[in-house]
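# Structural overview
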There are 2 protein chains.
Amino acid sequence: MKAVVVAAGEGSRMRMTAGKEPFPKPLLPLLGLRIIERVFLAARKAGIKEFVVVIGYRGDEIRRYLGDGSKWGLKIQYAFNEHWLNGNGYSLLAAKPYLESENRFLLLMADHIFEPNLLKHFLQFTDDEIKKVQSDKNLHFLAVDACPEKVTDLEEATKVYTRAGKIIALGKEIKDFNGVDCGIFNFGAGIFETVEKSLKDSGGSLSEALQLVVKTGNLRPFEFKNYYWHDIDQKKDLQQARQKLLQHLLPKKDGIVSRYFNRPISLTITSVLANLSATPNIISFFSFSLCLLGGVLFALGYPLAGGLLAQLASIIDGVDGEIARLKFQESLFGAYLDSILDRYGDAALIGGLTAGSLLGGASSPSFVLIMGFLALTASPLSMLAKEKYANLTGKTYNPLELDGYLRYFPFNRDGRLALIMLGGVFNQLTATLLLLALLTNLQAIYRLFVVRQNLG
Amino acid sequence: MKAVVVAAGEGSRMRMTAGKEPFPKPLLPLLGLRIIERVFLAARKAGIKEFVVVIGYRGDEIRRYLGDGSKWGLKIQYAFNEHWLNGNGYSLLAAKPYLESENRFLLLMADHIFEPNLLKHFLQFTDDEIKKVQSDKNLHFLAVDACPEKVTDLEEATKVYTRAGKIIALGKEIKDFNGVDCGIFNFGAGIFETVEKSLKDSGGSLSEALQLVVKTGNLRPFEFKNYYWHDIDQKKDLQQARQKLLQHLLPKKDGIVSRYFNRPISLTITSVLANLSATPNIISFFSFSLCLLGGVLFALGYPLAGGLLAQLASIIDGVDGEIARLKFQESLFGAYLDSILDRYGDAALIGGLTAGSLLGGASSPSFVLIMGFLALTASPLSMLAKEKYANLTGKTYNPLELDGYLRYFPFNRDGRLALIMLGGVFNQLTATLLLLALLTNLQAIYRLFVVRQNLG
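Given the structure is predicted, the values throughout are model-derived calculations rather than measurements.

### So, the environment of P221 of chain A
All names here are of chain A. For P221, the location among the structural elements is in strand 12 (residues 219-224). By relative accessible area, P221 is classed as buried at 4%. Taking the C-alpha atoms as reference points, P221 and T162, separated by 59 residues in sequence, lie 7.2 Å from one another.

If you want it as structure tokens, here you go:
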């Protein structure tokens, strides 16, 4: 399915300096990507590969920046809307020649960012609905946020009123509403006729054409509640969108140290690094290097520095994934690399602790060696147990569900690295090794019982 | 779907001592399970839970041994065929009262063992075929081995000739044939009428009733080539079946040491252990204990004994899986336990090598420690890499395909343990650690490139 992306307007409310010609809004940077890039990449993740971008105001700059889309593996065509001052309806008509052979198409706004799952589920919903009718030429769909109270800048938003699976009113000024238009449409080819009629009779905005559709009962809502989207209209929206995008990077299964200590810091680092070209894999290597350096510092007798580097590595270990999700750079290889490097990073720190304790004149070198050895044996088992469980059962091993009381202990990587940090700060290397050995082996044995209970 | 299991005959060709009353054939032991148990458990694996066992000759003994089937989670009912001397047709009729509410049922022979996948795919095939017809009451199916040349004792077998998806001739004496009846049927309820007619007109054997079905074109073959089954008719069949069952235990992805050295020994051990009650999990613990003991012996200065125990542990490490597959005792927890214990076993041996080398007065203790440390770090990565790959891609990591030239090196567990054995035999502990450290880390790094190429 092709998607039309409307990028023709001036974005006058975004004007940075009074009187000065505004920079094209779709090209404004937002956490390392241009706003319109976020629209393309979210749509790509939902399976859309071909786009028609309608340009108008300073369209050449947009065209020059985006090119033919091949740098993202996409196909981008351009339609010029010479009447861009007169409204969205003209933009839709400008795209018409590129959609001659399409029965349906998507309409997206260059300044409305959204999370990929919103579009993905919208497409599933519309596919199902279309199967129910004989002709879908004049059946149109709009994604509707069913939580208007959460929408920022509600006054400026286009509200909708839905009843029994139909949109029965739509507009900025309507008083009764239960949803908000989030600028994502799925149109049948009949929409062009309606827009042409509306241009003759009333006006050039898409909203006016949609009034005609609403009257026929053919505008259907896809009502959703928990997806993130944002209409970037004014300068303050950019700041709000930044905040929301960052919040949405947090995975659900973070350990306690990670959630309450590491993430606030890693998100700040991510928001800065997003603007640079560092890839997630480079960041994974950097986190590993910090572990390696931390291990060396422990061995050389600088436990404070070693411990702090371990904690920094733990924080940076979150950044690679955050950057990957934020900039649509997730890859299977990245996930694989991260898991292998983490194991080497752990080993470097445990080795450093052991060497530091031995070279620092531990009273019982063989005790230190045995503890280091046991910690090194069991620390990869934490991950290995989860991977094996997932392969055997097809289900994710969720420590919060399955680990019982042990979930409150620092068993997982964020907890282990925090323990190493404390060991360095208080210069208690042998005790740290002892604790690591106990905790990691306890976890491995405990999980044998958990898995036995769950798999029988 | 219910399955009728015919266990009524005398099995006179199995007579052990001339003139003496033969022991009921279904109850003869075959690698730790009675023959009829193998029929039940293979059928259970293909999804069959309810059975009607037709008994005749010494039926009480069979009934007493099997009970109501609850010890296997099955439901077993019994039908007595008083005419058991007169043929299989009577056995089928004896089961009829238990099948009143069934449209279809399976017929299995208590002396025909088969691998679960044969029945599983037979059921898929017949389900698909039945969907194509309006009434399936008089449509019957027979599993046919399409490689008659591989069937032992072909002379005694019931041959079939199939053409265009139908069986057009069937019998022991037919000259033209392209398949062999393997004693697995899927009957529509109409078969009873046919058997009754045949009893009146010709004789009591099922074969005679089937002739009538063949004439109508309603006996359809499920032709297969590579599934294992065996009709256990004479004493020599028991021995042949043992051999074939053991051969079928070998997994396809064995390493070189495992395939050419360990397996012949482990299969011999398995064939003995199968008759005892040792469970696969007990055997996994035993293999782990051997590693632990081997590690201790290395540390105490008995490298030869340590090395030999490591190799023995490697051999026994195959036995748990073999017993599990042979006796239908496979479990997800068993697979999980095995993988965790293997990691601890590896660690015990690497620790033992390191301690043995240090206590034996190695010229450079820190070199020994670093090598032991590196070997311990990377040896779990071999498994971890495969598990992570499988979770990310949904595909199994097959070292024979993906590891390139490295597949010839002793990277996997069988190879690593063989290396440790050699290290012990030649008393070269430090060199063994060095080699282990090099090989395991080389493999981990090499696989990063492999995965990158495959996942992009």
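After presenting the structure, the write-up continues.
### Examining the UniProt feature "transmembrane region" (unreviewed entry) in chain A
All names here are of chain A. The UniProt feature table records "transmembrane region" (unreviewed entry) at residues 282-302 and 417-439. Note that residues 282-302 is 90% helix and 0% strand, and that its end C-alpha atoms are spaced 26 Å apart. A helix fraction of 87% and a strand fraction of 0% characterise residues 417-439, whose end C-alpha atoms lie 13 Å from each other.

### A few points about unusual backbone geometry
Residue and element names in this part refer to chain A. In the Ramachandran plot, R58 falls in the positive-phi region, its phi being about 45° despite a non-glycine side chain. With a phi close to 50°, N427 is a non-glycine residue in the positive phi region. The exposure class assigned to N427 is partly exposed, which follows from its relative accessible area of 48%.

### Some details on the packing of helix 11 (residues 332-359) of chain A against helix 12 (residues 365-378) of chain B
Relative to each other, helix 11 of chain A and helix 12 of chain B sit at 150°, their axes nearing to 10 Å. With respect to each other, helix 11 of chain A and helix 12 of chain B are oriented roughly antiparallel. Helix 11 of chain A and helix 12 of chain B meet at a crossing whose hand is right-handed. For the pair formed by helix 11 of chain A and helix 12 of chain B, the contact residues are Y344, A347, A348, I350, G351 and L358 of chain A on the first element and L369, F373, T377 and A378 of chain B on the second. Among the residues making up the contact of helix 11 of chain A with helix 12 of chain B, the classes are represented as eight nonpolar, two polar and no charged.

### Thoughts on the interface of chain B and chain A
Tallying the contact residues gives 40 residues for chain B and 40 residues for chain A. Between chain B and chain A, a total of about 3,600 Å² is buried, with carbon and sulfur atoms accounting for 78% of that surface. Note that K388 of chain B and E387 of chain A form a salt bridge whose closest N and O atoms lie 3.2 Å from each other. Where chain B touches chain A, the interface holds six residue pairs in polar contact (both at pLDDT 80 or more). Elements supplying a minimum of two residues to the side of chain B that touches chain A: helix 11 (332-359), helix 12, helix 13 (381-393) and helix 16 (429-455) of chain B. Across the side of chain B that touches chain A, the residue classes tally to 27 nonpolar, eight polar and five charged.

### Concerning the nonpolar core
One finds L30, I113 and I420 of chain A together with L30, I113 and I420 of chain B to be the most contacted residues of the largest nonpolar core, which totals 89 residues. Residue contacts for L30 of chain A: discarding those within four places in its chain leaves I35, R38, I113, I232, L238, A241, R242 and L245 of chain A.

### Re the pattern of salt bridges
Tallying each qualifying case throughout the model produces 40 salt bridges over all chains. Notably, a salt bridge pairs D111 of chain A with K25 of chain A, separated by 2.7 Å at the nearest N-O pair. On the criterion of sequence distance, the pair formed by D111 of chain A in the loop between strand 6 (104-109) and strand 7 (112-114) and K25 of chain A in the loop between strand 1 (2-7) and strand 2 (29-30) is long-range, its members being 86 residues apart. Each member of the pair D111 of chain A and K25 of chain A is classed as buried. The salt bridge partner of R447 of chain B is D403 of chain B, with a shortest N-O separation of 2.8 Å. Remark: D403 of chain B occurs in the loop between helix 14 (399-402) and helix 15 (413-425) and R447 of chain B occurs in helix 16; sequence separation between them is 44 residues. D403 of chain B matches R447 of chain B in its accessibility class, with the two residues each being buried. Salt bridges linked by common partners bring D317, D342, R343, D346, R413 and R416 of chain A together as one network.

### Focus: the side chain of S379 of chain A
Of note, S379 of chain A is situated in helix 12 (residues 365-393). Filtering out sequence-adjacent residues up to four positions away, S379 of chain A remains in contact with D346, I350, R416 and T440 of chain A.

### Comments concerning the packing of helix 12 of chain A against helix 12 of chain B
Look at helix 12 of chain A against helix 12 of chain B: their axes get within 9 Å of each other, and the N-to-C directions meet at 20°. In this view, helix 12 of chain A runs roughly parallel relative to helix 12 of chain B, as classed from their interaxial angle. Taken as a pair, helix 12 of chain A and helix 12 of chain B cross one another with a handedness that is right-handed. In this structure, helix 12 of chain A uses L369, F373, L376 and T377 of chain A to contact helix 12 of chain B, whose residues at the interface are L369, F373, L376 and T377 of chain B. The class makeup of the residues in the contact of helix 12 of chain A with helix 12 of chain B is six nonpolar, two polar and no charged.

### Section: the packing of aromatic side chains
Residues and elements named next belong to chain A. By the definition in use, this model includes 24 aromatic pairs over all chains. Centre to centre, the rings of F105 and F192 are 5.4 Å apart; their planes meet at 15°, and the pair counts as stacked. Of the two residues, F105 sits in strand 6 while F192 sits in helix 5 (residues 191-201), which places them 87 residues apart along the sequence. Residue class for F105 comes out buried when judged on its relative accessible area of 1%. Its relative accessible area of 5% is what places F192 among the buried residues. One aromatic cluster is present, built from ring pairs that chain together F122, F125, F141, F222, F224 and Y227. Over the face of the ring belonging to Y65 we find K71, whose NZ or CZ atom lies 4.5 Å from the ring centre.

### Side note on a nonpolar patch on the surface
Residue and element names in this part refer to chain A. Taken together, the side chains of I256, Y260, Y405, Y408 and F409 make up a nonpolar region of the molecular surface, amounting to roughly 670 Å² of accessible area. By secondary structure assignment, the location of Y408 is in the loop between helix 13 (399-402) and helix 14 (413-425). Overall, Y408 belongs to the exposed group, its relative accessible area being 51%.

The rules we used
- Residues numbered from 1 in each chain as written.
- Chains lettered and ligands numbered in written order.
- Predicted model: local features only at pLDDT ≥ 70, side-chain atom pairs only at ≥ 80, totals over all residues.
- Heavy atoms only, no water.
- Helix = DSSP H or I, 4+ residues; strand = E, 2+ residues; numbered from the N terminus.
- Buried < 20%, exposed > 50% of the residue type's maximum accessible area, 1.4 Å probe, protein only.
- UniProt positions renumbered as here; feature names shortened; annotations may be inferred.
- Axes fitted to C-alpha atoms, helices over the stretch in contact; angles between N-to-C directions.
- Parallel < 35°, antiparallel > 145°, perpendicular 65-115°, else oblique.
- Left-handed = near helix turned anticlockwise from the far one by under 90°.
- Contact = heavy atoms within 4.5 Å.
- Nonpolar A, V, L, I, M, F, W, Y, C, P; charged D, E, K, R; others polar.
- Buried area = accessible area lost by both parts, 1.4 Å probe.
- Salt bridge = Lys/Arg side-chain N within 4 Å of Asp/Glu carboxyl O.
- Polar contact = N/O pair within 3.5 Å; in protein donor to acceptor, adjacent residues only side chain to side chain.
- Core = buried A, V, L, I, M, F, W, Y, C linked by side-chain atoms within 4.5 Å.
- Phe/Tyr/Trp six-rings, centres within 6.5 Å; stacked < 30°, edge-to-face > 60°.
- Lys NZ or Arg CZ within 6 Å of the ring centre and 35° of its normal.
- Patch = residues over 30% accessible without salt bridge, like charges linked within 9 Å, V, L, I, M, F, W, Y side chains within 5 Å.
- Areas by Shrake-Rupley, 256 points an atom, 1.4 Å probe, with all protein chains shown as cover.

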